[in-house]
Amino acid sequence: MSISTRVHAAVEASRAAADLGIGEDPGRLNLSGSLTRAALDAWQVVSDEAPAWLTFSCIDPADDPIQPRDAVEGDRVRITVAFASSLNAPHLFTQEGWRSLLLDDTRVSSSTAVRLAFDEGRFRTRAFEVETWEGAPVAGPDMSSPRDGSPRRQVRSQSSGLMAPSRIEPWIVDGDHGRGPAWQAWIAVSASMIARSLANELYVEDGEERVSLSGQPPRRLELGRFSVANIPFVTLQQAAAWVYLEGTDVEVRHTFLSAELAREWPTGRSFTAGLKAKIESSLDSARLLYKSHLRAGSKDTLKALADLRKTLADDVQKLVQQARDLASSVWRDVAVAIGVLAVRFGLDAAKTVPSSFAFSTIYLLVATYFVASFWLTVTINRRFLASLEKSRAAWRTKLYAFLDDDDYRELAGTPLSGAIEDYRITERRTRRVVVVVVLLLIIATFVEAGNVDLSTLKTSIWASIVSAWEAGSDVFRNLAAP
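A. Structural view of helix α3 (residues 95–102). Every buried residue of α3 is listed here: Gly97, Trp98, Leu101 and Leu102. Projected down its long axis, α3 carries its buried residues within an arc of 135°, all on one side.

B. Inspection of the layout of surface pockets at higher detail. Estimated volume of the second largest pocket: approximately 260 Å³. As for the second largest pocket, its lining consists of 16 residues, and the residues nearest its centre are Ala188, Val189, Ser192, Arg225 and Phe226. Looking at the lining of the second largest pocket element by element, the count peaks at six residues for helix α6 (residues 181–198). Tallied by class, the residues present in the lining of the second largest pocket amount to nine nonpolar, four polar and three charged.

C. Summary view of the sheet that holds strand β2 (residues 28–34). One open sheet holds the four strands; their spatial order is β1-β2-β4-β3, and the pairing between them is antiparallel. The open sheet is flanked by β1 (21–25) and β3 (54–59), the only strands paired with a single partner. Along the sheet, successive strands turn relative to each other by an average axial angle of 10°, direction set aside. In the sheet, β1 pairs with β2 via five bridges, with the strands oriented antiparallel. Across the sheet, residue Asp25 finds its bridge partner in β2, namely Arg28.

D. Layout of the packing of aromatic side chains. Scanning all chains against the criterion turns up 13 aromatic pairs. Arranged with centres 5.3 Å apart and planes meeting at 50°, the rings of Phe83 and Trp133 form a pair that is tilted. Here Phe83 is found in strand β4 (residues 76–83), whereas its partner Trp133 is found in the loop between β8 (129–132) and α5 (151–154), with 50 residues between them in sequence. Side by side, Phe83 and Trp133 carry an identical accessibility label, which is buried. Among the aromatic residues, those joined into a ring-pair cluster are Trp53, Phe83, Phe93 and Trp133.

E. Structural view of the sheet that holds strand β7 (residues 123–124). If you trace the four strands from one edge of the open sheet to the other, you get β5-β6-β8-β7, paired in mixed fashion. Taken across any chain shown, the strands that pair with only one partner, and hence form the sheet edges, are β5 (91–92) and β7.

F. Focus on the nonpolar core. Counting residues in hydrophobic clusters, the biggest one holds 59 residues, and the most contacted among them are Trp98, Trp186, Leu198, Leu236, Leu257, Leu261 and Phe271. Broken down by secondary-structure element, the contributors of at least two residues to this core are α3, β6 (113–116), α6, β11 (208–213), α7 (233–244), α8 (250–262) and α9 (271–349). Element by element, the count of residues in this core is highest for α6, at 11 residues. Look past the residues within four positions of Trp186 in its chain and what remains in contact with it is Trp98, Leu102, Phe123, Thr125, Phe128, Pro170, Trp171, Ile172, Val173, Phe233 and Gln237.

G. How the structure looks around unusual backbone geometry. Note the cis peptide between Gln216 and Pro217, where omega equals 0°. Looking at the secondary structure, you find Pro217 in the loop between β11 and β12 (219–222). In this structure, Asp63 is a non-glycine residue whose phi angle is positive, near 65°. Tracing the backbone shows Asp63 in the loop between β3 and β4. Its identity is not glycine, yet Asp206 carries a phi of approximately 55°, on the positive side. A relative accessible area of 79% places Asp206 in the exposed class.

H. Structural view of the packing of α6 against α7. The contact between α6 and α7 brings their axes to 10 Å, and the two run at 50°. Between α6 and α7, the angle falls in the class oblique. Relative to α7, the crossing made by α6 is left-handed. Contacts between α6 and α7 involve Trp183, Trp186, Ile187, Ser190, Ala191, Ile194, Ser197 and Leu198 on the former and, on the latter, Phe233, Leu236, Gln237, Ala239, Ala240 and Tyr244. Looking at the contact of α6 with α7, its residues break down into 11 nonpolar, three polar and no charged.

The rules behind the values
Residues numbered from 1 in each chain as written. Predicted model: local features only at pLDDT ≥ 70, side-chain atom pairs only at ≥ 80, totals over all residues. Heavy atoms only, no water. Buried < 20%, exposed > 50% of the residue type's maximum accessible area, 1.4 Å probe, protein only. Helix = DSSP H or I, 4+ residues; strand = E, 2+ residues; numbered from the N terminus. Arc of directions from axis to C-beta. 1 Å grid on protein atoms, 1.4 Å probe; cavity = no way out; pocket = protein on both sides within 12 Å on 5 of 7 lines; lining within 4 Å. Points joined across faces, edges and corners; volume = space filled by probe spheres on them. Nonpolar A, V, L, I, M, F, W, Y, C, P; charged D, E, K, R; others polar. Pairing = 2+ DSSP bridges. Axes fitted to C-alpha atoms, helices over the stretch in contact; angles between N-to-C directions. Phe/Tyr/Trp six-rings, centres within 6.5 Å; stacked < 30°, edge-to-face > 60°. Core = buried A, V, L, I, M, F, W, Y, C linked by side-chain atoms within 4.5 Å. Contact = heavy atoms within 4.5 Å. Parallel < 35°, antiparallel > 145°, perpendicular 65-115°, else oblique. Left-handed = near helix turned anticlockwise from the far one by under 90°.

See the structure below:
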């Protein structure tokens, strides 16, 4: 028999004391009372078999530590059993400790396993598994990431003593039901916590716990208590799971269900008493309303996607047009430069030699015009791109938040990014053309001004071409050599 079972047996033997007091928190059991000899003997077994991880003490009426065998039968003694308890895996000896844990929202919400010495039944909730306590206390598994749909976000509370649970998972069964006293205690608390989670507001008025339902008409009702025999357990479980665990739009489902509960509430019934009659039909109606809401939302989603497609097509077309306009503008300016050079060569052919200063000035003005025209066009286009990027960020968070990142990237990000990249390629290529033409015009300016000798320039250019050709030929011969 394990030490936890020994402690539980000693507690049960102590229940014959009329003045028995039991208090238990995870890691510490306090018991006091006028114990019988059988109970003292049971505690002596605990003292004798206590392992290193468990601390046992027995205090007599004179506040002296004694062994249970040395206590006088009928005298009031205080017994303490302590051990190091894991934060996420409470270990409990008694039903009193179990009920106390269930009413402690902080502890029950952080638990991933509960081990009990007084019950061999096992069951699992969405938050923790209830198991039999065997051996030394051990920690439970790590808690999964908490969901966003906390009941306290949906249910307003006007009193710190009357609040919805911070998590719904500890109160929804997962799999097979239990059978023993731990299961029965859990059912009672679970029904109460789920009932609190289905209201819109909790408050205390004249010392009475009350709830408010926002519906047509709104209801302000006494909270009441479930009787053990009349708990609509299965339907409460279905309602809590549907509202808080089936999807992310918890607020919408909670609003639909509370509105259906408020409609045609039985006259003179408390909230818990009326739930037995109303919860099933209200849940069915809320589910139908939610399906209608999804259909309407689907229409809105399709419309938003159509708008996104149209806007995207317009923006892509604008980018394509900008690339075309930029290329056309550059080639138009190239034509101007070629025209000026053609005029100059035509005058040479006609043996009409104008002022070199005049033509050098014309070349310089054409080069300046060429650069200014290209800079102005590129600046306007870049401002459009910056505005487009800013509007894309606004679309993402305000209009298309229903799309996840991958879907949005596939539907809008990739096509638009491709169009932007195509424009930038066009800009880079036209920039090279502009640089070449401007350099030619500047060289022509220097030639006309007499700063560069044309024959020397031709000789240098030809020598560079021949050198490059010979170097390339040598490289090719080396590569072709066996």
